[in-house]
Amino acid sequence: MRPPLWHPPIELLDQEELIIKRIKRAKLFTFLRLNRSLIFNDEFQEELATIFKDSTVGHSPVPPAQIALAIILQAYLGISDDEVIEEMLMDQRWQLVLDCLKCESPPFSKATLVRFRKGLIKKELDQRLIDRTVEIAKQKGGFGSSQLKAALDSSPLWGAGKVEDTYNLLGHALRKAVSVIAAGQGRESAEIASEAGAPILNSSSLKTALDLNWDNPIDRQNALSIILNSLDSVEEWMQGQSHCHGFDLAQETLNVARVIESQNVTLDSQGVPTLSKGVAKDRRISIEDPDMRHGRKSRSKKIDGYKRHVLKDLDSGVVCAVALTRANTPESAATIDLERDLRLQNIHLTELHIDRAYLSSHWVIQRDEQLKIFCKAWPVRNSGRFDKNSFFLDWDTHLMSCPNQVSIPFEPGKVVHFPASECAICPLRSDCTNSKRGRSVSIHPDEALMQELRARQSTTTGRLDLRKRTTVEHSLAHIGHWQGDRARYLGQRKNLFDLRRVAVVHNLHVIARISKVLPIQPGIESNSLVG
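So, here is what we can say about the structure in this document. Predicted model only: the values in this text are computed from it and were never measured. (Residues numbered from 1 in each chain as written. Predicted model: local features only at pLDDT ≥ 70, side-chain atom pairs only at ≥ 80, totals over all residues. Heavy atoms only, no water.)

## Here's the deal with the pattern of salt bridges
As a working rule, side chains carrying opposite charge can pair if their charged atoms are close by. This model, assessed by the stated rule, comprises 37 salt bridges. For R493, the salt bridge goes to E124, with nearest N and O atoms at 3.5 Å. Taken together, the positions of R493 in helix α20 (residues 492-513) and E124 in the loop between α7 (110-122) and α8 (125-141) put the pair 369 residues apart, joining distant regions of the chain. Taking the relative accessible area as the measure of exposure, E124 reaches 35% and is therefore partly exposed. The closest approach of N and O atoms between K414 and E411, which form a salt bridge, is 3.5 Å. Among the charged side chains, a salt-bridge network with shared partners connects E124, D126, D337, R340, D341, R493 and R500. (Salt bridge = Lys/Arg side-chain N within 4 Å of Asp/Glu carboxyl O. Helix = DSSP H or I, 4+ residues; strand = E, 2+ residues; numbered from the N terminus. Buried < 20%, exposed > 50% of the residue type's maximum accessible area, 1.4 Å probe, protein only.)

Listed below in structure tokens is the structure:
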């Protein structure tokens, strides 16, 4: 059965006015109470209602707009599902927004909240929450154009899963597989571990059970052999447990252990297992969160988890789309997901303000003539001698001319080598090169763009345009304030959901600052949010 449309009162009750007057900092509660009918109009409610199955059996579901409001407030305060249920009973601000003043039981249960969140994720309706705020910002602020001037940036999001070394990753996977089978059979994990030939799992710590000198390379190699032998033994024992409840999950966990083995273990010349040197590509670092990865935000800043990407409309100030990538994924890869979300909003990029990490994105490489890129160019240096800027590139003839007017052909992405004979007799040689083979110049694959960027940043107006990107850094800081630096959930998709709803919180603050968003009741200030 589809839920009914939610039409809570628009006019403020006396008690509601009193509550609003008492709210000093968390103004989002006031804004949502005064604008909930605008945000969740009938059309949007009907779209959200598709989460529920259309059936004539069962009780009428809770209005989705009511649950969606709770999900937004949950992101705003950064609280758990249990705390959401508690707040609906204890906090008058929540009751004000959800139209349940003086309720003796919450409007919906924790199970309903969890099911609704799963439905949002499954049907990609969490992005529609962002889309709806973008629509409202355009209506209220007069930003009607589909031509988008946007800024894009990223920040680290540390994963919620435990990061472990190879020994503990293998031990964790083994212990998890054994515990799943034990739970399915109603037995103790220690009993199952002993029966499966892996008694080392019975200790509270794998390394405690091994009791070895971890500074000794031979002992470390022996420990790895013991763990892998235990993995073989448990895997063999599992073949006879295919009828047990939880077998599929246990087998999946053992498969993860084999992936970890393949990424981190090699055999020496005598066939003895040993840890591989270096870090394998796309190495798994957590058992509980399969999507976490080692990565870097910069040369000095490492990440264990994810990168969050935010695309901000420079005209309206709202965040149009967000993306979440694994920490080892280049920033440029995020633009594929961002473009998909923009396409659903019928938005076309005309300006893109980015840092150099996004220069290899498909937006830049495959750009059309309508898209302007604003970014600092890669610096060019040559130890005090003529740098690349001293050479003239003729794009009509594809000839490069040196400061001495010697011209030779060039191709983007290739290296140009001037003849050694010409360089040897050149009067400017001392200012150009000391190589006996002559001067060489590397041509960027998108050298025309690099020249455009260098020319722009050499002017006052161009440098002013480059500073526009700092506004997205401010938005990232706000989003980081609400979401935190550590992921709330395990897995990439759930954390993308969390990022999207935090972006909704950000956009609601932006909308509240738009002067044309007026309070419904005279005397109630709703155009400013703090907190």
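## Overview of the layout of surface pockets
Volume-wise, the largest pocket comes out at about 320 Å³. Looking at the largest pocket, it is lined by 13 residues, and the ones nearest its centre are I51, F52, K53, R115 and F116. Among the elements that line the lining of the largest pocket, the one with the most residues is α7, at 6 residues. Of the residues contributing to the lining of the largest pocket, the split by class is 6 nonpolar, 3 polar and 4 charged. (1 Å grid on protein atoms, 1.4 Å probe; cavity = no way out; pocket = protein on both sides within 12 Å on 5 of 7 lines; lining within 4 Å. Points joined across faces, edges and corners; volume = space filled by probe spheres on them. Nonpolar A, V, L, I, M, F, W, Y, C, P; charged D, E, K, R; others polar.)

## Notes on the packing of aromatic side chains
For the coordinates displayed, the defined rule picks out 7 aromatic pairs. Aromatic side chains F40 and F44 sit 5.7 Å apart centroid to centroid with 15° between the ring planes, which places their arrangement in the stacked category. Ring plane angle 90° and centroid distance 5.2 Å describe the contact between W395 and F410, whose orientation is recorded as edge-to-face. Of the two residues, W395 sits in the loop between β9 (392-394) and β10 (399-401) while F410 sits in the loop between β11 (407-409) and β12 (415-417), which places them 15 residues apart along the sequence. The exposure class assigned to W395 is partly exposed, which follows from its relative accessible area of 28%. Members of the aromatic cluster, each reached through a chain of ring pairs, are F29, Y76 and W94. (Phe/Tyr/Trp six-rings, centres within 6.5 Å; stacked < 30°, edge-to-face > 60°.)

## As for helix α13 (residues 247-264)
Spanning 18 residues, α13 covers 26 Å between terminal C-alpha atoms, matching the ideal 26 Å at 1.5 Å per step. Regarding α13, the residues found buried are F247, A250, Q251, T253, L254, V256, A257, I260, Q263 and N264. (Expected span 1.5 Å × (residues − 1).)

## Some words on the sheet that holds β10
Taking strand neighbours across the sheet as the criterion, the 3 strands line up as β9-β10-β11 in an open arrangement whose pairing is antiparallel. The open sheet has two free edges, formed respectively by β9 and β11, since each of these has just one partner strand. Each strand of the sheet is rotated relative to its neighbour by a mean of 25°, with strand direction disregarded. Across 3 bridges, β9 lies against β10 in antiparallel orientation. Bridge pairing links F392 to S401 in β10. (Pairing = 2+ DSSP bridges. Axes fitted to C-alpha atoms, helices over the stretch in contact; angles between N-to-C directions.)

## Quick notes on empty space enclosed by the protein
Under the definition given, this model contains 2 cavities of 30 Å³ or more. Lining the largest cavity are 14 residues, with C402, N404, C423, C426 and C432 sitting closest to its centre. Approximately 50 Å³ is the volume found for the second largest cavity. Residue lining of the second largest cavity: I39, F40, F44, I72, L129, R132, T133 and V504, and that is the complete set. Per-element tally for the lining of the second largest cavity: the top contributor is α8, with 3 residues. Classifying every residue of the lining of the second largest cavity gives 6 nonpolar, 1 polar and 1 charged.

## Focus: unusual backbone geometry
A negative phi angle is the norm for most residues apart from glycine, just as the trans form is the norm for most peptide bonds. Not every positive phi belongs to a glycine, and D99 is a case in point at roughly 60°. Among the secondary structure elements, D99 is positioned in the loop between α6 (92-98) and α7. In this structure, N346 is a non-glycine residue whose phi angle is positive, near 60°. Along the chain, the position of N346 falls in the loop between α14 (335-344) and β7 (348-353).

## What about the environment of L48?
For L48, the position within the fold is in helix α3 (residues 42-48). When its relative accessible area of 0% is taken as the criterion, L48 is described as buried. Measuring from C-alpha to C-alpha, the distance between L48 and L73 comes to 17 Å, with 25 residues separating the pair along the chain. In this structure L48 touches F40, P64, A68, L120 and L125, once residues within four positions along its chain are discounted. (Contact = heavy atoms within 4.5 Å.)

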